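Below are the chains, spelled out letter by letter.
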Amino acid sequence: MLEKLGIFPEAASEFADQVDYLYFFLIGVTIFFVTVIVAALAYLSVRYRHRRSPVPTPVHGSILLELTWSGIPLVIALFIFGWGAKLYIEHQDMPPDGIEISVTGKQWMWKLQHPSGQREINALHVPVGVPILLTMTSEDVIHSFYVPAFRFKRDVVPGVYTRAHFTADKTGSFHLFCAEYCGTDHSVMIGKVVVMEPSEYEAWLSGQPAGETPVQAGERLFTDLRCNTCHAAGSDQKGPDLAGVFGSKRLLVGGGEAIADEEYIRESILRPARKVVFGYEPLMPTYQGQVNETQILSLMAYLKTLGGAAEGANP
Ligand code: CUA
């Protein structure tokens, strides 16, 4: 809404309006105090300019004055802090439903995948009014996924799975930037987010070659990389059965425990000797260099679908 004033960039998400109101308030407070201070400065300079008349008695300190000029800014600053913190915290919660998109940053492009398998590079097509849930990671260095029209900016970090969301409330094409200097071609790591009516989105989606869904790709990799020879139930079980592994608590060799979340699974694929599940030998070779981040995301998508004994403890 405030974009109509012409001082804010285009706004295309609910969150954008909320951020703009806060900024508008900040600008308002700034203008108010600049005006008051400059006016007082001008008035006092004239009122107390050098004259031949007798010099007024100097004033030394005033508790009341000092408490006032400390107290008022404190209250205003805390109000702004509270407002900003409220927006930030509210926006951390992921909506329960939405479209899961996986995002991989790579020098120097954005790779995106829809839940039904369609892949895109440097472009993301989404429907208007539907929460878009992103799981983001990087192949190499830190990038930052930045869509100014949504007031959305989040770092994309190697080895970390960042979850974030936005809901576009306007159709159109919006700039996507990388907002973290990531090397020579950082400046060309740009793209667009195309927001469409839901029916148009469905039509667009069905017109794209779907290929494998992440779950299918993960299942294929699980066999191709021969994970199944050690990890499937009924195999000779050199490694733990992975049914229900996702989100479970794992007791580790040498004491301690870990929750099998995204970071744990990734570490177990790339550095299997780090956290060996209690009762097993550190036999698994590393898959560093054999799988890229997109494939690890697929493997995780597949592992999440493995139901089975989710009782949490080890076999
Ligand atoms: Cu990626 Cu800058």
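Throughout this description, residue numbers start from 1 for each chain and increase along the sequence as written. Residues qualify for local features only when their pLDDT is at least 70, as the model is predicted, and side-chain atom pairs are given and counted only at 80 or more; totals for whole chains, interfaces and linings, by contrast, use all residues. Heavy atoms throughout the structure, all of them, feed into the side-chain values; hydrogens and water do not.

Student: Hey, could you run me through the environment of Val194 in this one?
Tutor: You can see Val194 is positioned in strand 10 (residues 191-196). The spatial distance from the C-alpha of Val194 to the C-alpha of His175 is 8.9 Å, given a sequence separation of 19 residues. Any two residues whose heavy atoms approach within 4.5 Å are treated as being in contact. With near-sequence residues (within four places) excluded, Val194 lies in contact with Leu124, His125, Val126, Gly172 and Ser173. Each helix corresponds to a stretch of at least 4 residues labelled H or I by DSSP, and each strand to a stretch of at least 2 residues labelled E; elements are numbered beginning at the N terminus.

Student: I tried to follow the packing of aromatic side chains on my own but got confused; where do I start?
Tutor: The pairing test for Phe, Tyr and Trp rings, Trp by its six-membered ring, is centres within 6.5 Å, and the orientation test on the planes gives stacked under 30 degrees, edge-to-face over 60, and tilted for anything in between. Scanning all chains against the criterion turns up 12 aromatic pairs. Ring plane angle 90° and centroid distance 5.9 Å describe the contact between Phe145 and Phe152, whose orientation is recorded as edge-to-face. Only protein chains enter the calculation, and the probe is 1.4 Å; a residue is then buried if its accessible area is under 20% of its type maximum, exposed if over 50%, and partly exposed in between. Given the relative accessible area of 0%, Phe145 is considered buried. We classify Phe152 as buried; its relative accessible area is 2%.

Student: Can you help me understand the nonpolar core in this one?
Tutor: Generally speaking, nonpolar side chains in soluble globular proteins are found buried as a group. Working definition of a nonpolar core: buried Ala, Val, Leu, Ile, Met, Phe, Trp, Tyr and Cys residues. They are joined through side-chain atoms within 4.5 Å. Ranked by size, the top nonpolar core spans 33 residues in total, and within it Trp110, Leu134, Phe145 and Phe150 carry the most contacts. Grouped together as the second largest cluster of nonpolar side chains are 25 residues, Phe222, Tyr264, Ile265 and Leu297 included.

Student: Whenever I open this one, a nonpolar patch on the surface confuses me. Can you help?
Tutor: Nonpolar side chains (Val, Leu, Ile, Met, Phe, Trp, Tyr) within 5 Å and like charges within 9 Å form the patches, drawn only from residues with over 30% relative accessible area and no salt bridge. Accessibility throughout is a Shrake-Rupley quantity obtained with a 1.4 Å probe, and a residue counts as covered only by protein chains that appear here. Salt bridges are defined by distance alone: a side-chain nitrogen of Lys or Arg within 4 Å of a carboxyl oxygen of Asp or Glu. Residues Phe32, Phe33, Val36, Ile37 and Ile72 make up a contiguous nonpolar surface patch of roughly 460 Å² in combined accessible area. If you tally residues by element for the nonpolar patch, the top one is helix 1 (residues 14-47), at 4 residues. Within the secondary structure, Val36 sits in helix 1.

Student: Help me understand the side chain of Ser138, please; the structure alone is not making it clear to me.
Tutor: Mapped onto the secondary structure, Ser138 falls in strand 5 (residues 132-138). A distance of 3.0 Å separates the side chain of Ser138 from the backbone nitrogen of Asp140, its partner in a polar contact. By the criterion applied in these results, polar contacts are pairs of N or O atoms within 3.5 Å in which, for protein atoms, one can donate a hydrogen and the other can accept it, and in which residues neighboring in sequence qualify only through two side-chain atoms. A distance of 2.5 Å separates a polar side-chain atom of Ser138 from the backbone oxygen of Val141. Ignoring sequence-local partners within four residues, the contact set of Ser138 consists of Gly105, His143, Val156, Val157, Pro158, Gly159 and Glu293.

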